[in-house]
Amino acid sequence: MSDKKVIFSGVKPSGDLTLGNYLGAIKNWVDLQDEYDCYYCVVDMHAITVHQEPKDLRKRTLEILAQYIAAGIDPEKNTMFIQSHVSAHAELTWVLNSMSYMGQLNRMTQFKEKSKDNADNLNAGLFTYPVLMASDILLYQADLVPVGDDQKQHLELARDLAERFNNRYSPTFVVPEIYTSKVGSRIMGLQDPTSKMSKSGDNENDYILLIDSPKATEKKIKRAVTDSLNKVRYSDDQPGIKNLITIYSKMTGESVESIEAKYEGVGYGKFKSDVAEVVNEGLQPIRDEFERLMNNKDYLEDVYMNGANAAERVARKTLRKVYKKVGFIPRKFK
Ligand code: ATP
Ligand code: LTN
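A brief report on the enclosed structure follows. (Residues numbered from 1 in each chain as written. Chains lettered and ligands numbered in written order. Predicted model: local features only at pLDDT ≥ 70, side-chain atom pairs only at ≥ 80, totals over all residues. Heavy atoms only, no water.)

**A few points about the overall build of the protein chain**
Of regular secondary structure, the protein chain possesses 13 helices and 5 strands. For 334 residues, the compact-globule formula gives about 20 Å, and the C-alpha radius of gyration of the protein chain, at 21 Å, lands near that figure. For the C-alpha atoms alone, the extent of the protein chain along its principal axes is close to 75 × 45 × 40 Å. For the protein chain, buried positions account for 50% of its 334 residues. Of the contacts made within the protein chain by residues no fewer than 6 positions apart, 76% connect residues no fewer than 24 positions apart. (Helix = DSSP H or I, 4+ residues; strand = E, 2+ residues; numbered from the N terminus. Rg over C-alpha atoms; globule rule 2.2 N^0.38 Å. Buried < 20%, exposed > 50% of the residue type's maximum accessible area, 1.4 Å probe, protein only. Contact = heavy atoms within 4.5 Å.)

**So, the site of ligand 2**
The environment of ligand 2 is formed by 14 residues, the closest being K12, Y129, M133, D136 and Q151. Between ligand 2 and D136, the relevant distance is 2.7 Å, taken from a nitrogen atom to a side-chain nitrogen or oxygen of the residue. Interatomic distance of 3.0 Å between a side-chain N/O atom of Q151 and a nitrogen atom of ligand 2. Put simply, ligand 2 lies in the largest pocket. Mapped onto the shell around ligand 2, the elements with two or more residues apiece are β1 (6-11) and α7 (124-139). Per element, the largest residue contribution to the shell around ligand 2 is 4 residues, and it comes from α7. Taken together, the residues of the shell around ligand 2 sort by class into 7 nonpolar, 5 polar and 2 charged. (Near = heavy atom within 4 Å. Polar contact = N/O pair within 3.5 Å; in protein donor to acceptor, adjacent residues only side chain to side chain. 1 Å grid on protein atoms, 1.4 Å probe; cavity = no way out; pocket = protein on both sides within 12 Å on 5 of 7 lines; lining within 4 Å. Sits in = over half its atoms within 2 Å of the grid points. Nonpolar A, V, L, I, M, F, W, Y, C, P; charged D, E, K, R; others polar.)

**Re the site of ligand 1**
Around ligand 1 lies a shell of 21 residues, among which K12, K114, D150, K196 and S198 are the nearest. Here S14 contributes a side-chain N or O atom positioned 2.7 Å from an oxygen atom of ligand 1. Here K114 contributes a side-chain N or O atom positioned 2.6 Å from an oxygen atom of ligand 1. Starting from 600 Å² of accessible surface for ligand 1 in isolation, the protein chains cover 97%. Applying the majority rule of atoms within 2 Å of the grid points places ligand 1 in the largest pocket. At the level of secondary structure, the elements contributing two or more residues to the shell around ligand 1 comprise β1 and α1 (19-32). Here the shell around ligand 1 gets 4 residues from one element, more than from any other, and that element is α1. When its residues are assigned to classes, the shell around ligand 1 shows 5 nonpolar, 10 polar and 6 charged. (Areas by Shrake-Rupley, 256 points an atom, 1.4 Å probe, with all protein chains shown as cover.)

**Notes on the nonpolar core**
The biggest cluster of nonpolar side chains holds 57 residues, and the ones touching the most others in it are L19, Y22, Y68, I247 and F271. Broken down by secondary-structure element, the contributors of at least two residues to this core are β1, α1, β2 (37-42), α3 (54-70), α10 (239-252), α11 (256-262), α12 (268-294) and α13 (297-326). Here the element with the most residues in this core is α12; it accounts for 11 residues. Here L19 is in contact with G24, I187, M197, I208, L210, I247, M251, V279 and L283, once residues within four sequence places are set aside. Judged by nonpolar contacts, the second largest core, of 40 residues, contains V86, V95, M108 and V322. (Core = buried A, V, L, I, M, F, W, Y, C linked by side-chain atoms within 4.5 Å.)

**Describing the packing of α10 against α12**
Viewed as axis vectors pointing N to C, α10 and α12 meet at an angle of 35°, and their least axial separation amounts to 9 Å. You can see that α10 and α12 cross each other, and the crossing is left-handed. Together, I241, L244, I245, I247, Y248, M251 and T252 of α10 and Y268, F271, K272, D274, V275, V278, V279, G282 and L283 of α12 make up the contact between the two elements. Of the residues belonging to the contact of α10 with α12, the class tally is 12 nonpolar, 2 polar and 2 charged. (Axes fitted to C-alpha atoms, helices over the stretch in contact; angles between N-to-C directions. Left-handed = near helix turned anticlockwise from the far one by under 90°.)

**Quick notes on the pairing of β2**
Among the 6 residues of β2, 5 are classified as buried, and the element is accordingly described as predominantly covered. The pairing of β1 with β2 spans 6 bridges and is parallel. Bridging across to β2, I7 finds its partner in C38. Following the backbone out of β1, through α1 and into the adjacent parallel β2, one traces a crossover that is right-handed. Here 4 bridges tie β2 to strand β3 (residues 79-82), and the two strands are oriented parallel to one another. For V42, the partnering residue across the bridge sits in β3 and is I82. (Pairing = 2+ DSSP bridges. Right-handed = clockwise from strand over helix to strand, strands pointing away.)

**Quick notes on the layout of surface pockets**
Empty space within the largest pocket amounts to approximately 1400 Å³. Considering the residues around the largest pocket, the lining is formed by 50 residues, among which K12, K114, D150, K196 and S198 are closest to the centre. Among the elements that make up the lining of the largest pocket, the one with the highest residue count is helix α6 (residues 109-117) (6 residues). Its residues assigned to classes, the lining of the largest pocket comprises 14 nonpolar, 22 polar and 14 charged. (Points joined across faces, edges and corners; volume = space filled by probe spheres on them.)

**What to know about the environment of R168**
Tracing the sequence through the fold places R168 in helix α8 (residues 152-168). Separated by 158 residues in the primary sequence, R168 and V326 have C-alpha atoms spaced 9.4 Å apart. Leave out the neighbours within four places in its chain, and R168 touches M99 and Y101.

**Considering the state of the cysteines**
Inspection of every chain in the model, using the stated rule, returns 0 disulfides. With no disulfide of its own, C38 has C41 as its nearest cysteine by sulfur position, at a separation of 13 Å. Among the residues examined, C38 registers a relative accessible area of 1% and is labelled buried. What makes C41 buried here is its relative accessible area of 0%. (Disulfide = S-S within 2.5 Å.)

See below:
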């Protein structure tokens with residue numbers, strides 16, 4: 001057993017990875033992988049809370065795993081796996097469902113938003129989604145959960161459930177902390193810079209995918225909605241420009257102040273083409289590696305097979321404790 005602290009995080013394969021997923025979450029995972037014992041999961045069970053075409057879901061699940069690796073997450077150092085391969089996630093969810101209050105689940109903003117978008121498919125999975133997420137995290141006794149800031153409320157629920165269980169029975173779960181970046185924890189849409197860039201949005205000009213072509217990326221950034229002030233300033237009055245500065249800063253590591261100074265008196269046209277350039281420069285190695293990995297399915301299978309084996313051992317251990325504490329008779333084997 002390593003004495004490193006534990007990280008758990010995941011992305012649902014409801015679409016291909018966006019620049020928002022990358023800058024808000026995955027880039028941090030890459031930076032944290034040496035210091036922590038990390039579990040990086042493709043959360044396919046979360047994806048089916050909205051309708052998915054089975055063949056597309058299968059394809060995207062593998063693609064997301066390949067994109068994790070292409071983005072720099074090393075399968076030798078981290079446990080990378082597919083959520084549905086470890087049945088303890090569903091099992092712990094049942095126990096935690098029985099300790100979750102309808103009132104608290106009803107207040108989840110993601111549930112409210114998704115209910116609006118999926119009025120014709122308002123299913124119970126969408127409602128208990130955050131409980132499944134809590135199970136993901138608590139099964140591995142995660143200390144830290146690196147996510148974008150839209151996940152704060154879900155993390156609070158995971159903490160509440162851990163504390164509730166620990167108080168009702170006895171200390172069982174680590175109470176996890178959220179980890180978000182100071183800059184870039186919420187990348188906004190390019191067409192609507194007042195709402196977050198999302199991979200399941202309808203307007204493809206609103207988001208950049210990691211695997212978009214350089215041409216498409218450039219076109220989308222050039223079309224990004226800005227304002228008529230013509231000042232490259234990091235200000236709430238200029239949400240479009242603020243978002244592009246954030247993207248520039250996250251891609252290059254340059255500070256917001258130094259970017260503002262560099263583009264003092266420079267027009268939006270030139271600024272946008274520079275943003276496109278730094279995004280394309282940063283993403284190209286990921287795109288190339290993704291191509292290579294998708295032509296090497298045996299390797300990807302190996303990664304998710306080994307990942308599930310390692311994850312299963314840890315998850316089972318936690319689930320056994322939980323079952324025992326709630327009063328289930330331990331199963332006997334001959
Ligand atoms: P969907 O659009 O299907 O709801 P999503 O793009 O929001 O999906 P998730 O799989 O829900 O993606 O999120 C994966 C991770 O990426 C989470 O940690 C989430 O906080 C982060 N994330 C998603 N969108 C953004 C964004 N625009 N800015 C920063 N982080 C983001
Ligand atoms: N709910 C998250 C995705 C997610 C997750 C997790 C993130 C599912 N399980 C566990 C971190 C840890 C989302 O909608 N972005």
